[in-house]
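# Structural overview
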Amino acid sequence: MRKLFRRLLALGALLAAPSYAYAHVEINIDLSSQTMTVHSGTGETYVWPISSGRAGHATPRGVFSPRALYVMVHSAKYGNAPMPHSIFFYGQYAIHGTTAVGNLGHPASHGCVRISPGNAATLFAMVQRQGAEIRIVGSPFSDEARSERRSQSLLAFAPIRHTRTLKQWARDPVAR
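These notes cover the structure that comes with them.

Parameters and conventions
- Residues numbered from 1 in each chain as written.
- Predicted model: local features only at pLDDT ≥ 70, side-chain atom pairs only at ≥ 80, totals over all residues.
- Heavy atoms only, no water.
- Core = buried A, V, L, I, M, F, W, Y, C linked by side-chain atoms within 4.5 Å.
- Buried < 20%, exposed > 50% of the residue type's maximum accessible area, 1.4 Å probe, protein only.
- Helix = DSSP H or I, 4+ residues; strand = E, 2+ residues; numbered from the N terminus.
- Contact = heavy atoms within 4.5 Å.
- Expected span 1.5 Å × (residues − 1).
- Pairing = 2+ DSSP bridges.
- Axes fitted to C-alpha atoms, helices over the stretch in contact; angles between N-to-C directions.

Attention shifts here to the nonpolar core. The nonpolar side chains of soluble globular proteins are, as a tendency, buried together. Ranked by size, the top nonpolar core spans 22 residues in total, and within it Ile27, Ile29, Met36, Ile95, Ile115, Leu123 and Ile134 carry the most contacts. Listed by contribution, the elements that provide at least two residues to this core are β1 (25–30), β2 (35–39), β6 (82–90), β8 (113–115), α2 (117–130) and β9 (132–137). Among the elements that take part in this core, α2 stands out by supplying five residues, more than any other. If sequence neighbours within four positions are ignored, Ile134 has contacts with Ile27, Ile29, Gly62, Val63, Phe64, Pro66, Ile87, Phe89 and Ile95.

Set out below in structure tokens:
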């Protein structure tokens, strides 16, 4: 009878606990806009620029849970590069801080999701306390973005059109 009473008391305490104790962080990453939207279990919302995988180094899409958290990791694969406040979510892919903040907002990584060091520390602390669900959608290389980049690069290499003929060019040495 005492065991039953203890179990019922424990169950009651569990059900009476505040709901935010079981809340988790929702991390929504949109590769198309190169942004991360974070909804904390306690009500805060953040929108941060990211850098995802550049061409040939895709960032995986899907829904993930954090697999490991490290305050500091150095990449064995990419020249011992520092990866502060790493949240690994799929194999060797992680969300982590970067010193290359000038690249945020553009695909620039080898597949990881990079954010500013301060934002990485904030996110790391939230995920450490509350857990998280990571959702990655979109494509940084959509057809529209690809065609826009292509037209810009074609214009950069377009030949300069000369409106004068060679005879006119030869006659007018001042215009050279």
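Additional details are given in the paragraphs that follow.
A separate point is α2. The terminal C-alpha atoms of α2 lie 20 Å apart, and with 14 residues this matches the ideal 20 Å at 1.5 Å per residue to within 8%. Among all positions of α2, only Asn119, Ala120, Leu123, Phe124, Met126, Val127 and Gln130 are buried. Downstream of α2 by one or two residues, Gly131 has phi in the positive range, about 80°.

This brings us to the sheet that holds β8. Reading across the sheet, the four strands line up as β5-β6-β7-β8 and stay open at both edges, with mixed pairing between neighbours. A single partner strand is all that each edge strand has here, and the edge strands are β5 (68–74) and β8. Direction aside, neighbouring strands of the sheet carry axes that sit 25° apart on average. When β6 meets strand β7 (residues 93–97), the two strands line up antiparallel, connected through three bridges. Its bridge partner lying in β7, Ile87 is registered against Ile95. Those strands touched by α2 are β5, β6, β7 and β8, and its axis lies near 45° from that of β6.

Distances and angles like these do not, on their own, reveal function.
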